[in-house]
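Structural description and commentary
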Amino acid sequence: MTDETPAPTTARTSGESPYEDRYGFSRAVVAGDFVLVSGCTAYDDGVPVHEGDPYEQTLAAFAVALDALARHGLTAADVVRTRMYLTHVRDCDEVGRAHKELFDAVRPVATMVVVQGLTDSRMMVEVEVEAHRPGLARTLEGTPQ
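Now for a quick tour of the structure. (Residues numbered from 1 in each chain as written. Predicted model: local features only at pLDDT ≥ 70, side-chain atom pairs only at ≥ 80, totals over all residues. Heavy atoms only, no water.)

Side chains of F34, L36 and V80 sit close together on the surface and give an oily, nonpolar patch of about 220 Å² of accessible area. Given the relative accessible area of 35%, V80 is considered partly exposed. (Patch = residues over 30% accessible without salt bridge, like charges linked within 9 Å, V, L, I, M, F, W, Y side chains within 5 Å. Areas by Shrake-Rupley, 256 points an atom, 1.4 Å probe, with all protein chains shown as cover. Salt bridge = Lys/Arg side-chain N within 4 Å of Asp/Glu carboxyl O. Buried < 20%, exposed > 50% of the residue type's maximum accessible area, 1.4 Å probe, protein only.)

Attention now moves to the pattern of salt bridges. For the coordinates displayed, the defined rule picks out 10 salt bridges. The residue R90 makes a salt bridge to D91 at a minimum N-O spacing of 3.8 Å. Among the ionic pairs, D104 bridges to R107, the shortest N-O distance being 2.8 Å. According to the relative accessible area criterion, R107 is exposed, its value standing at 62%. The network of salt bridges with common partners includes R81, R83, E128 and E130.

Further remarks concern the packing of helix α2 (residues 54–70) against helix α3 (residues 92–103). One can describe the packing of α2 onto α3 by two numbers: an axis separation of 8 Å at closest approach and a directional angle of 40°. Considering the angle they form, α2 stands oblique to α3. As α2 runs across α3, the sense of the crossing is right-handed. Listed contacts from α3 to P54, Y55, T58, L59, F62 and L66 of α2 are E94, V95, R97, A98, H99, E101, L102 and F103. The residue makeup of the contact of α2 with α3, split by class, is nine nonpolar, two polar and three charged. (Axes fitted to C-alpha atoms, helices over the stretch in contact; angles between N-to-C directions. Helix = DSSP H or I, 4+ residues; strand = E, 2+ residues; numbered from the N terminus. Parallel < 35°, antiparallel > 145°, perpendicular 65-115°, else oblique. Left-handed = near helix turned anticlockwise from the far one by under 90°. Contact = heavy atoms within 4.5 Å. Nonpolar A, V, L, I, M, F, W, Y, C, P; charged D, E, K, R; others polar.)

By themselves, these observations are geometric and do not establish any function.
Okay, here's the thing in structure tokens:
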């Protein structure tokens, strides 16, 4: 790399979701010192899991998100923002309980929103995470954008 060419500051990774190719998105994008993880739900090998259980679906969805972070060397301790979209207000406490179990020590900023529905009606919750690691952008040198 020459002095005239800036180091890359963005990298994209794919996950297991069939929607990634269908809708044109990445599971995670490294943007500078941040990793942004797209919406994750409770799927295992493309099969919905924990149908009817918002607590377990939340844990499973965050597991997908945390796995995406792990591919870039980050953990739950690096999470600075979470978003939770759920399909019924009655599930707020169960979704919140799962969130607390995973992030109580970290205390990221968080948003919980009740929505009319998700793309798969068996899903009760979808989550997003954003993580930050100072100096992460420097590790992207030589990584395809």
